[in-house]
Amino acid sequence: MRIFALTGAGVSAESGLGTFRDAGGIWARFDPMKLATPEAFARDPDLVHAFYDARRRNLLAAEPNAAHVALARLEAGLAARGGELFLCTQNIDDLHERAGSTRVAHMHGELLKARCLACGQTSRWREDMGVTASCPSCGETGRLRPHVVWFGEIPLDLDAIFAALAEADLFVAIGTSGSVYPAAGFVAEARALGIRTCEINLEPSDNAALFDERRYGRASEAVPAFVEAVLAAR
Ligand code: BV8
């Protein structure tokens, strides 16, 4: 059985990482259009770096939760049965990896990586970045940005993502409001391909009506229950 799982901020919410649209979520305190765009970075790099430096520090103090652990178990359980999990995340945290997932497509990039605007190299980055950091590859100073996909930029790994989606037997969206494209369009793509769809979320998402199956609850409870059901059925 091939499962394509798309995760969003809701899967990391119980690990203490803010979500984007919930009351009090990251964007509720910051305007995404002011921060998560190339224009914002060009206009006020200090402010954008401060936003990501704060999130990076928060992430380094966070732990994966039961939802991340369950998805790692699903990857191993499907592989043991000759199946496959393609885990595509909109999240820029590394909690899936820290929970044991080995194949994660970070379509919106990764908070713990830096990209150099001088040499184009990406490197692991765990400290504050700010406008004075130097590139580990070329040594240039003040030319680093977070390796994340901002609004208006093209998400990463799209070819691999759409290829995996086309091969899936089940598409499951977990902890995402279905409000950011192209990720929010994946469920419609799955339906057009005749693929069964499932949503696991705290509450109905913007595109809830497009899902064949809907499971609501906190990810740390609903995702383990879903994984047990899938692995018991095989
Ligand atoms: C692009 C990285 C062109 C940075 C982010 C149509 C087609 C294509 C593009 C567009 C389009 N319409 C509009 C666009 C433009 C735009 C867009 O979608 N705008 C929106 C505002 C309408 N899209 C883009 O700009 C994208 N690029 O289009 O390029 C292109 C595209 C394809 C091909 C060629 C060219 C780039 C978008 C990426 C932006 N970067 N993040 C950073 O993190 O700072 S987006 C950001 O929002 C996050 O990555 C996040 O993934 C994303 C979506 O948010 P969610 O993850 O869903 O989080 P949210 O808070 O919204 O929802 C959380 C859910 O969890 C809620 O439902 C909540 O109920 C639930 N929840 C909460 N707690 C729990 C829970 N569930 C379970 N348990 C809990 N405990």
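Quick caveat, the model's predicted, so the values are computed rather than measured. (Residues numbered from 1 in each chain as written. Predicted model: local features only at pLDDT ≥ 70, side-chain atom pairs only at ≥ 80, totals over all residues. Heavy atoms only, no water.)

*Asks:* Now, about the pairing of strand β2 (residues 84-89): what can you tell me, with residues and values included?
*Replies:* Among the six residues in β2, five count as buried, and that is most of the element. Where strand β1 (residues 2-7) and β2 come together, six bridges link them in parallel fashion. Along β2, the bridge assignment pairs T7 with T89. (Buried < 20%, exposed > 50% of the residue type's maximum accessible area, 1.4 Å probe, protein only. Helix = DSSP H or I, 4+ residues; strand = E, 2+ residues; numbered from the N terminus. Pairing = 2+ DSSP bridges.)

*Asks:* Mind laying out the domain arrangement of the chain, listing which residues take part and the relevant values?
*Replies:* Many analyses report the size of an interface as the accessible area lost when the parts associate. What the domain assignment lists for the chain is domain 1 (1-17 + 64-108 + 155-234) and domain 2 (18-61 + 110-148). For domain 1 and domain 2, the distance between their C-alpha centres works out to 25 Å. On the domain 2 side, the residues contacting the 17 residues of domain 1 number 14 residues. Taken together, both faces of the contact between domain 1 and domain 2 bury some 1,200 Å²; the carbon and sulfur share is 61%. Contact with domain 2 buries surface across domain 1, with A9, L17 and I92 losing the most and accounting together for 45% of the total. Inspection of the region where domain 1 meets domain 2 yields zero salt bridges. (Domains from an automatic or database assignment. Contact = heavy atoms within 4.5 Å. Buried area = accessible area lost by both parts, 1.4 Å probe. Salt bridge = Lys/Arg side-chain N within 4 Å of Asp/Glu carboxyl O.)

*Asks:* Tell me what's going on with helix α7 (residues 158-167), and back it up with residues and numbers.
*Replies:* Those residues of α7 that sit buried are L158, I161, A164 and L165. Seen from one end, α7 has its buried residues packed into an arc of 130°, which puts them on one side. (Arc of directions from axis to C-beta.)

*Asks:* Which residues make up the sheet that holds strand β6 (residues 144-148), and what are the values?
*Replies:* Spatially, the three strands line up as an open sheet ordered β5-β4-β6, and their pairing is antiparallel. Each end of this open sheet is capped by a strand with a single partner; those strands are β5 (122-124) and β6. Neighbour-to-neighbour, the strand axes of the sheet open up by a mean angle of 45°, direction not taken into account. In this sheet, β6 lies alongside strand β4 (residues 109-116) in antiparallel orientation, the contact comprising five bridges. Directly across from E110, in β6, lies its bridge partner H147. Against the sheet, helix α4 (residues 45-60) engages β4 and β6, with an angle of about 135° to β4. (Axes fitted to C-alpha atoms, helices over the stretch in contact; angles between N-to-C directions.)

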